[in-house]
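# A structural walkthrough
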Amino acid sequence: MYIIDRRLNPGGKSFANRQRFLRRAKALVQRAVRDNFKSRSIKDLDQGGEIGIMRQGVHEPTLRRASSGGQRDHVLPGNKEYLEGDTIPRPNGGGGGSGSQPGQGGDGEDEFRFVLTKEEYLDLFLDDLELPDLAKRRLMDTEAKEIQRAGYSTTGSPASLAIARTMRLSLARRLALRRPSAAEILKLDSEIERLEREGASETELVVLREERERLMRRNRRISYIDPIDLRYRRYEANPKPVAQAVMFCLMDVSGSMSEHMKDLAKRFFALLHLFLTRCYNHVDIVFIRHTDRAEEVDEQTFFYSTETGGTIVSTALEEMLIIMRQRYNPADWNIYVAQASDGDNMGSDSAKAAGLLHDQILPACQYFAYLEVGREEDPMPTGTAPRPSDLWRTYETIAMPEGHFVMRKVWHRREIYPVFRELFRRRGTNVRGGAA
Amino acid sequence: MKSDRPSHTHPLLFSGADWDFDTIRRIYETVEQAARDELGLDTYPNQIEVITTEQMLDAYSSTGMPQLYKHWSFGKQFAHHELVYRKGMRGLAYELVINSNPCISYVMEENTAMMQTLVIAHAAFGHNHFFKNNYLFRQWTDAEGIRDYLEFAKGYVAACEERYGQAAVEQLIDAAHSLMNQGVHRYPRRQRLDLKAEEQREAERHAYQERLYNDLWRTVPTGTQQASRQSEDRRRALLELPEENILYFLEKTAPKLAPWQREILRIVRHVAQYFYPQSQTKVMNEGCATYCHYRIMTRLHKQGSINDGAFLEFLQSHTNVVAQPTFDTPYYNGINPYALGFAMMEDIARICNDPSDEDREWFPDIAGKGDADNVLKHIWANYRDESFIAQFLSPRLIREWRIFHVADDASKNALEIAAIHDERGYRRIRRALARQYDIAWQQADIQVVDVDLAGDRHLILQHEVINGILLTEGDTTQVLQNLASLWGYNVILREVDPATGKVLKEHVARATPAIAA
C-alpha cells in the first residue's frame, strides 16, 4: 500500500478544459455577462460572478428515448394509500412528476449555470472594446530599462564586489584547509619568547621554531582571501515597457448637479477606470472637482461631498494642466480625461475653456471624453428637442468627427454602458491593443 | 448498537478530527486487518492519494479519471460541479476510486480522521473488492492497462491537435461523444481488452503503414467493381451487420475517415467500454462498498480502534448516505443506489442467517444457509444490477420500502397502479424494478442494419421501438448529423415497431463535408 500526497501537485488540471469550454460558449457567455452587468452596482463591477447561459448552446446531444409518450413503468418507494388498480391523475406535463424517471432529469432545465472568475468576467465583458489611440502611443514608447538584482557572479567590477558573500566563502575555505589563525601564531610566538627569556634548552626551542616556521609557510600558501572566493553582485537589465496611464476625472459639483447626475458620472468614471486597468499595468487616477474654482480631491470627497457655487469650467482644465505638468509628463504617460458636467458654464468662460482644451489639453492627451449628464426626467416631452447647453455648444466647435475628443449626452443609468461601448468600440482593422 | 461492550483489544487509532500520514497508515493497516478478518475481501493493491478540494473537482470533471484527453465538455462539467459545490448545494463526494491495478483511492485533505477511515473502508476495500471480482469488470476492463492507455490517449489526441488543428479534433470528438452510448460492445465476442497491447498495436499499425506507403499505388487503376454484385445477405455478413456498436462500425468501415480519425474514435470507444460495467453495477457496487464499510467500521468500534464519538459521527454520515426519501417528498430523486444496495445486502445476510418461512420459500438456495459472507461474495462476483434485483429483492424489503409500480400509458388520461407490495405484487414489482436497471430496456436499441454499397452508400440504422417510446427529436437530428459527417454519406434512421415491422418514424441526415480528413 502506498500513501501519496498529491496536494502539492499543481491543481487546475481542468484549466485547459475550462478555457475550451468558455471559448466554445463565448457568444452565449458574453451576452449573459452583459445582462448580468445591468444588475450590478459599481462597487462589485470587477468581481467574478455566477452566470447562466442557455443550455441549448452547450448541449451535448445523445441518442436517447423521449421522456414522454408510449408505455412506461415507474417503480417508486413509499406507497401510503394506493391499492392495485387505483388510478391517479397524471401529474401536469405528463412527465415523471417528481423526477421519477431516472436518467432523464436534464430535460427540464433550460439554463446551465457556473461561476466565472474575476478575470474571465472582465475579459468577456470588455472583450471587443479597445482604447482609442492606444496603439499609436505604444509604438512611440521607448522602453525603459529596469535594473534588477540577479544573484552573484565570479566576475565583475570592484564596485559590485559582494563583500559579505566573499568573506563568507573565504572563511569557509580557510576553515576547510585549516589555515592557522593569527591567534595561534601569536600564542606560539609568546611561548617562544617566554622560553627564550627563561633560557630554555635549545632543543626545545628548535621544535617550537620549526613548528612556527611550518605554520607561517602554511599561512603563506593558503591566502586569507583567494581569487576563487570573490563574488560580485550581478545585475540584469530588464526591459520595462512604459505602460502607464493617468486618468483625469473632472466633474462639475456646482449646485445644479443633482445626485442623479453625479451617479451617472460616477458610473462612467468607474467603467473607464476598469477599462484602463485592463489595458495598462499601472493607472493613476486624479479627481478634480470644480465649481467656480477647482481643486484636486480624493475619491470620497469627489463623489460624496456637496458644494455650492457657480460654474467655471476652465478652472478645472487649468488645474488639470498644472497637475499634468507637475506629475504626468505626456511623454511618459498615456493621458485620459473624462469630464462630466450638466453643461452649465459661465458665459464669459466658454471661449477660454475651448481655447485651453483645443490648444493645450487635446494635443497632450490620448483621449478626452465629455459626458453631459441630464436630469432623470429629461428629455423633454417628445417633440421638443432639448436646447443644447452652453458647454455643449462650446465643445461642439472643437469636436472632430474622427478625433480623440468625443462628447455624449446621457440621461439615464441604463444608457451609460451603451454609450461607453459606443465610445470604445473597436474600430477598423486595428489589432487588439491588449494588456501590456 | 450491540449490547456487548467493546473489548478494547486494540489501541485507539485517533482521537478528534485531525490526522496525519502516520494516522492514515495506521488506519489503513487496521482497516485492512478488519477487512480480512471480518469479510475476507480480495482486493487489488491499494494506493491512497491525498488531494485538495480543487483537485477533487478536477478529477470529478474528467469522469473521475486521473488523466484524460482535453475536451471542452470536461470543462463544462467542471464549471458546473464547481458552482454546485460552492453554493453548498451538494458536498463533494468524499472519495473517488479508480478501477485500476493498483486501485487508486482519492481522499480529501479536509476530511476528518473518521472520514478517512470510512473512505478507506468504503473505497479501498469495498469498491476495490468489487472491481477485482465482479464478472463484468473482469470481462470488460483492463485494470492493469487503463492508466497507461489513458496516458497514451491523452498524448495521441494532443499530437493530433498539433497536426490537424484543435478545431478539427474537437469536432471529431464532439461527434464521437454523441455516439458514445452506442460505442460499446454489449456482448463479448473477443477476448478481454488488453489496453497496453492496444497501444502497442496502434504504434505497430502506424509503423507498418509508413513502411508500406508508396505513392505509386495512388496511380494504379482500381477498376470497376460493379461486376461482383453480392447478395444482400452476403454483403451484410461481410460487413458483420447488424452491428450495435456504431463507433466500432465507423472505425472499421467508414470510407472517408483518415487513420488518425479512426484512432480517436477507437479511443472514445475504449473509454466508453471501460465505463460500461460501471453503469450496470451501480446498485451492487455501492451496495457492496457500503455494506463492507458498515461491517468494518462496526468492527473497528467494537475492538476499540475508534471511540464512541467517531462511531457516532460515522453513523450519522452512513445514515445520510443510505437514506431513501419516499416518492412524494420534494427532494425525491429516484431510487438511491446506496440505499437499495445496502438494504439488499443486509437483507441477504439476514436471509442466510435468520430466515422466515417466506424467505425459505422465495430463496431456497440461500435461506438459513449461514455463511452470509461467502454468499454475498458469490453474488458480488456473478451478478449485475438487473439480475441481482431480479433474483434477490425480497418480499420483505418490498414491504418495508412500500414499493409500488405505476403504469404510465400515454394513450390514457390517468396513471394506473399496476402493483403494490402485496402477495400479488411482489414478483411484478421485482420484475419491473429489475427492468429499470436493464441496459437493454433503458437505452434505445439502435443498430446499423445495412449499407447501400451499390447506390449512394447511405447508411441505414434501425431503432427497435420498445413500448412505443420514440427517440427525442432534437437530439436525434443532431447526432445523426454527426454520424453522417463521420460516415461521409447520408444516414437514415428508421424507428421500427418490432412486433409489426412497421416504420413509425424516419430520420434522414445529409452528409456535409463537415469533418474533413
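Let us look at the structure shown here. Predicted model only: the values in this text are computed from it and were never measured.

Below, the discussion takes up the overall build of chain A. The helix and strand tally for chain A stands at 13 helices and 13 strands. Looking at chain A alone, contacts between residues at least 24 apart form 82% of all its contacts between residues at least 6 apart. When the accessible surface of chain A is summed, it comes to about 23400 Å², and 52% of that surface belongs to carbon and sulfur atoms.

A word on the nonpolar core. All names here are of chain B. Among the nonpolar cores identified, the biggest contains 92 residues, and Leu 340, Trp 380 and Phe 388 are the most heavily contacted of them. In terms of residue count, the dominant contributor to this core is helix α4 (residues 113–133) (twelve residues). Residues contacting Trp 380, with those up to four places away along its chain left out, are Leu 41, His 129, Phe 130, Asn 134, Met 284, Cys 288, Tyr 291, Cys 292 and Met 345.

With respect to the helices and strands, His127(B) occurs in helix α4. Ignoring sequence-local partners within four residues, the contact set of His127(B) consists of Glu95(B), Val97(B), His122(B), Asn285(B), Glu286(B) and Ala289(B).

With that out of the way, let us pick up unusual backbone geometry. Residues and elements named next belong to chain B. Cis geometry is adopted by the peptide bond preceding Pro 102, which originates at Asn 101 and carries an omega value of 0 degrees. Of note, Arg 402 is a non-glycine position whose phi angle comes to about 50 degrees, a positive value. With respect to the helices, strands and loops of the structure, Arg 402 is situated in the loop between α18 (395–401) and β4 (404–409). Residue Arg 402 is classed as partly exposed on the basis of its relative accessible area, which comes to 37%. Non-glycine residue Arg 457 carries a positive phi angle of around 65 degrees. Within the fold, Arg 457 resides in the loop between β6 (445–451) and β7 (459–464). Overall, the relative accessible area of 34% leaves Arg 457 in the partly exposed class.

Between chain B and chain A, the residue contacts involve 92 residues of the former and 62 residues of the latter. Across the chain B to chain A interface the summed buried area is about 7600 Å²; carbon plus sulfur atoms make up 52%. Of all residues in chain B, the largest losses of buried area upon contact with chain A belong to Trp72(B), Lys76(B) and Asp408(B), amounting jointly to 9% of the total for that side. Scanning the region where chain B abuts chain A turns up eleven salt bridges. Where Asp174(B) meets Arg24(A), a salt bridge forms, and the shortest distance between an N and an O atom there is 2.6 Å. Taken together, the links from chain B to chain A amount to 45 residue pairs in polar contact (both at pLDDT 80 or more). With eleven residues, helix α3 (residues 72–86) of chain B is the largest single contributor of residues to the side of chain B that touches chain A.

All names here are of chain B. Throughout the structure, instances matching the rule amount to 27 aromatic pairs over all chains. Look at Tyr 28 and Phe 125: their rings are 5.5 Å apart centre to centre, the planes differ by 35 degrees, and that puts the pair in the tilted class. Of the two residues, Tyr 28 sits in helix α1 (residues 21–39) while Phe 125 sits in helix α4, which places them 97 residues apart along the sequence. When sorted by exposure, Tyr 28 lands in the same class as Phe 125, which is buried.

What counts, and where the lines are drawn
Residues numbered from 1 in each chain as written. Chains lettered and ligands numbered in written order. Predicted model: local features only at pLDDT ≥ 70, side-chain atom pairs only at ≥ 80, totals over all residues. Heavy atoms only, no water. Helix = DSSP H or I, 4+ residues; strand = E, 2+ residues; numbered from the N terminus. Contact = heavy atoms within 4.5 Å. Areas by Shrake-Rupley, 256 points an atom, 1.4 Å probe, with all protein chains shown as cover. Core = buried A, V, L, I, M, F, W, Y, C linked by side-chain atoms within 4.5 Å. Buried < 20%, exposed > 50% of the residue type's maximum accessible area, 1.4 Å probe, protein only. Buried area = accessible area lost by both parts, 1.4 Å probe. Salt bridge = Lys/Arg side-chain N within 4 Å of Asp/Glu carboxyl O. Polar contact = N/O pair within 3.5 Å; in protein donor to acceptor, adjacent residues only side chain to side chain. Phe/Tyr/Trp six-rings, centres within 6.5 Å; stacked < 30°, edge-to-face > 60°.

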